[in-house]
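The residues making up each chain are set out below.
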Amino acid sequence: MIIEPRIRGFVCITAHPDGCAAKVASEIDYVRSNNMGADGPRKVLVIGASTGYGLSSRITAAFGYGAATLGIFFERPSVKGKPASPGWYNSVAFEKEAHKAGLYAKSINGDAFSDTIKDEAIKYIREDLGEVDLVIYSLASPRRTDPRNGETYRSVLKPIGKSYTNSNLDTDKGVVEPVEIEAASDEEVTSTIKVMGGEDWEWWMDALAQAGVLAQNAQTVAYSYIGPKLTWPIYTNGTIGNAKLDLERAARAIKDKHATPAFVSINKALVTQASSAIPVVPLYISMLFKLMKAKGNHEGCIEQIVRLFNDHLYSSNGPSLDDAGRIRVDDWEMDPAIQADIEKLWPQVNTDNLYQLTDYEGYQKDFLALFGFGLPGVDYSADVEPDRPIPSIPEELS
Ligand code: NAD
């Protein structure tokens, strides 16, 4: 079939297998072109491994250091001739390349919040790897079923206390207009912490420690975001920011319970499936990209993660931490000169000057690339088979 983008609001309901493979290949090439240090991860569990920051973490561990990787994700395979989700195609492409390079790579497609998937991961680690020395926690999910009480919680992206109004970009139509978001209820605040907070990360680490599959030198990292003051009401001081604070609590709890270094890394705002759903943020990202590209220090997920591994997790001095004990690879985004420009430009931006004042064009390109569209070297007019199974691992690597 010929697969074209079909955008519905802030998602694209189709994905292109060859385009996703081309994007994965370009991230692999980037990692290979970097001189990663000799010290690095050897056996890595990536929770949320199929797209965005988690996929780039898996690629960096595997192709930067030759690490074996076990990836967990929740993706949709192709059913009845319909394209699979991009994370599915990314993982097919990743595993093919990893196996070709002689690297152990296995994946589990299922709900990482469940006990079943935790048990399955531990079984694979025990049988195939013995232990893991790095655990990446990179989930972004709208809901979580707590396996201990059976209840399903939904996360919301809302301010706390009072409603919030700001300029918002309708990324589908290219229109800038004010949006008002009502304040979250107490229940919504609690539910968002349940979904996007640190409890599940802690439970993963408890399960791995109890099973005796954490290496002595193991460390773990989860990803978070802070961003500029203008998005604080909807992000940092909103429901999601509260959940991210809970991630920091969980990092301290993991360290205390298991003596395993546990870090929260504050990453840059980037176009991913998760961030495109947050009100106001896509307009900020478009403006940020314009300024950072002009300054020559724009990065995508893969550049961010290579820097995280090189300069922090596997640097000979260990990670440098801010006053609150967090790793900051958002440092270039938060550069006061960049942020001063954002504050100056923000009140001026409207639908008419969107392409002049922001990199909306770059935003759209990155958004389409998430789904495997617009990649160089891919023939989008060609007939492609949408059903691509995740390859089984060659015997000699398992
Ligand atoms: P993403 O949407 O690209 O990736 C989410 C991953 O989680 C996918 O692999 C998906 O399959 C997996 N997933 C979702 N629900 C799951 C479930 N129930 N079971 C198993 N896997 C599941 O998101 P992203 O933007 O890369 O976000 C990853 C982390 O990075 C999040 O914690 C996010 O807050 C953080 N972060 C993102 C940004 C940004 O701008 N995108 C910036 C800083 C930090």
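Residues numbered from 1 in each chain as written. Predicted model: local features only at pLDDT ≥ 70, side-chain atom pairs only at ≥ 80, totals over all residues. Heavy atoms only, no water.

Draft legend 1. A look at the overall build of the protein. Scanning the protein from terminus to terminus reveals 12 helices and 13 strands. Its C-alpha radius of gyration of 20 Å places the protein within 12% of the 21 Å reference for a compact globule of 398 residues. A principal-axis box enclosing the C-alpha atoms of the protein has dimensions of 60 × 55 × 45 Å. For the protein, the share of sequence-separated contacts (at least 6 apart) that also reach a separation of at least 24 residues comes to 78%. The average position of the 40 basic charges and that of the 54 acidic charges among the side chains of the protein differ by 1 Å. (Helix = DSSP H or I, 4+ residues; strand = E, 2+ residues; numbered from the N terminus. Rg over C-alpha atoms; globule rule 2.2 N^0.38 Å. Contact = heavy atoms within 4.5 Å. Lys, Arg positive; Asp, Glu negative; His and termini not counted. Charge placed at Lys NZ, Arg CZ, Asp CG, Glu CD.)

Draft legend 2. Summary view of the site of the ligand. Taken together, the neighbourhood of the ligand is formed by 29 residues, with Ser-50, Glu-75, Ala-112, Lys-244 and Thr-272 sitting nearest. Within the side chain of Ser-50, an N or O atom sits 2.6 Å from an oxygen atom of the ligand. Between the ligand and Thr-272, the relevant distance is 2.6 Å, taken from an oxygen atom to a side-chain nitrogen or oxygen of the residue. Protein chains bury 93% of the 840 Å² of accessible surface belonging to the ligand in isolation. (Near = heavy atom within 4 Å. Polar contact = N/O pair within 3.5 Å; in protein donor to acceptor, adjacent residues only side chain to side chain. Areas by Shrake-Rupley, 256 points an atom, 1.4 Å probe, with all protein chains shown as cover.)

Draft legend 3. Quick look at the pairing of strand E11 (residues 214-224). Summarising burial for E11: nine of the 11 residues are buried, a large majority. Of the pairings in the sheet, the one linking strand E6 (residues 132-137) to E11 comprises five bridges and is parallel in character. Paired with Leu-134 across the two strands is Gln-219, which belongs to E11. The handedness of the E11 to strand E12 (residues 262-266) crossover, carried by helix H7 (residues 239-258), is right-handed. (Buried < 20%, exposed > 50% of the residue type's maximum accessible area, 1.4 Å probe, protein only. Pairing = 2+ DSSP bridges. Right-handed = clockwise from strand over helix to strand, strands pointing away.)

Draft legend 4. The arrangement of the packing of helix H2 (residues 52-65) against helix H3 (residues 86-100) in detail. As a packed pair, H2 and H3 sit with axes 11 Å apart at the nearest point and diverge in direction by 0°. By the angle between their directions, the pair H2 and H3 is classed as roughly parallel. Contacts from Leu-55, Arg-58, Ile-59, Ala-62 and Phe-63 of H2 reach H3 at Asn-90, Phe-94, Glu-95, Glu-97 and Ala-98. (Axes fitted to C-alpha atoms, helices over the stretch in contact; angles between N-to-C directions. Parallel < 35°, antiparallel > 145°, perpendicular 65-115°, else oblique.)

Draft legend 5. Focus on a nonpolar patch on the surface. Taken together, the side chains of Phe-10, Val-11 and Ile-13 make up a nonpolar region of the molecular surface, amounting to roughly 230 Å² of accessible area. Take Ile-13: it is sitting in the loop between strand E2 (11-12) and helix H1 (17-32). Note on Ile-13: relative accessible area 37%, which makes it partly exposed. (Patch = residues over 30% accessible without salt bridge, like charges linked within 9 Å, V, L, I, M, F, W, Y side chains within 5 Å. Salt bridge = Lys/Arg side-chain N within 4 Å of Asp/Glu carboxyl O.)

Draft legend 6. Representation of the sheet that holds strand E13 (residues 327-328) within the structure. Strand order across the open sheet formed by seven strands is E5-E4-E3-E6-E11-E12-E13, with parallel pairing between neighbours. Strand pairing shows two members of the sheet lacking a second neighbour, strand E5 (105-109) and E13, which therefore form its edges. Relative to E12, E11 runs parallel, the two sharing five bridges. Paired with Ala-222 across the two strands is Val-264, which belongs to E12. Packed onto the sheet, H2 meets strand E3 (43-47), strand E4 (68-73), E5, E6 and E11 and runs at close to 170° relative to E4.

Draft legend 7. Here's a closer look at the pattern of salt bridges. Enumeration over the complete set of coordinates arrives at 26 salt bridges. Residue Asp-146 is joined to Lys-194 by a salt bridge in which the shortest nitrogen-to-oxygen separation is 2.7 Å. Here Lys-194 lies in helix H5 (residues 186-196) and Asp-146 lies in the loop between strand E7 (143-145) and strand E8 (152-154), a separation of 48 residues in the sequence. A residue is classified by how much of its surface remains accessible, and Asp-146, at 3% relative accessible area, is buried. The salt bridge involving Asp-341 is made with Lys-344; its shortest N-O contact spans 3.8 Å. Taken together, the residues Asp-341 and Lys-344, both in helix H10 (residues 336-345) and three residues apart, mark about one turn of the helix. Exposure remark for Asp-341: the relative accessible area of 30% places this residue in the partly exposed category. A residue is classified by how much of its surface remains accessible, and Lys-344, at 53% relative accessible area, is exposed. Each of Glu-202, Asp-206, Asp-246, Arg-249 and Lys-257 takes part in salt bridges that share partners, so that together they form one network.

Draft legend 8. The packing of aromatic side chains, seen in detail. Following the criterion strictly, the structure yields 10 aromatic pairs and no others. Judged by centre distance (5.8 Å) and plane angle (50°), the ring pair of Tyr-65 and Tyr-314 falls under tilted. Linking Tyr-65 in helix H2 with Tyr-314 in the loop between helix H9 (301-313) and E13, this pair joins segments that are 249 residues apart in sequence. Owing to a relative accessible area of 10%, Tyr-65 belongs among the buried residues under this scheme. Put simply, the rings of Tyr-65, Phe-309 and Tyr-314 pair up and form one aromatic cluster. Positioned above the aromatic ring of Trp-203 is the side chain of Arg-148, whose terminal nitrogen or guanidinium carbon lies 3.5 Å from the ring centre. One cation-aromatic arrangement involves Arg-307 over Trp-332; the distance from NZ or CZ to the ring centre is 3.6 Å. (Phe/Tyr/Trp six-rings, centres within 6.5 Å; stacked < 30°, edge-to-face > 60°. Lys NZ or Arg CZ within 6 Å of the ring centre and 35° of its normal.)

Draft legend 9. A look at the pairing of E4. The element E4 is extensively covered by neighbouring structure, given that six of its six residues are classed as buried. Of the two faces of E4, the one carrying Ala-68, Leu-70 and Ile-72 and the one carrying Thr-69, Gly-71 and Phe-73 are both buried. Pairing of E3 with E4 involves five bridges; the strand directions are parallel. Residue pairing across strands places Lys-43 opposite Ala-68, the latter belonging to E4. Running through H2, the crossover from E3 to the neighbouring parallel element E4 is right-handed. Strand direction decides the pairing type here: E4 and E5, joined by five bridges, are parallel. When the bridges of E5 are listed, Gly-71 appears paired with Ser-107.

Draft legend 10. Seen up close, helix H6 (residues 199-210). With 12 residues, H6 should reach 16 Å at 1.5 Å per residue; the first-to-last C-alpha distance of 16 Å fits that figure. Listing the buried residues of H6 in full gives Asp-200, Trp-201, Glu-202, Trp-203, Trp-204, Met-205, Asp-206, Ala-207 and Leu-208. Trailing H6 by a residue or two, Gly-212 shows a phi angle of about 70°, which is positive. (Expected span 1.5 Å × (residues − 1).)

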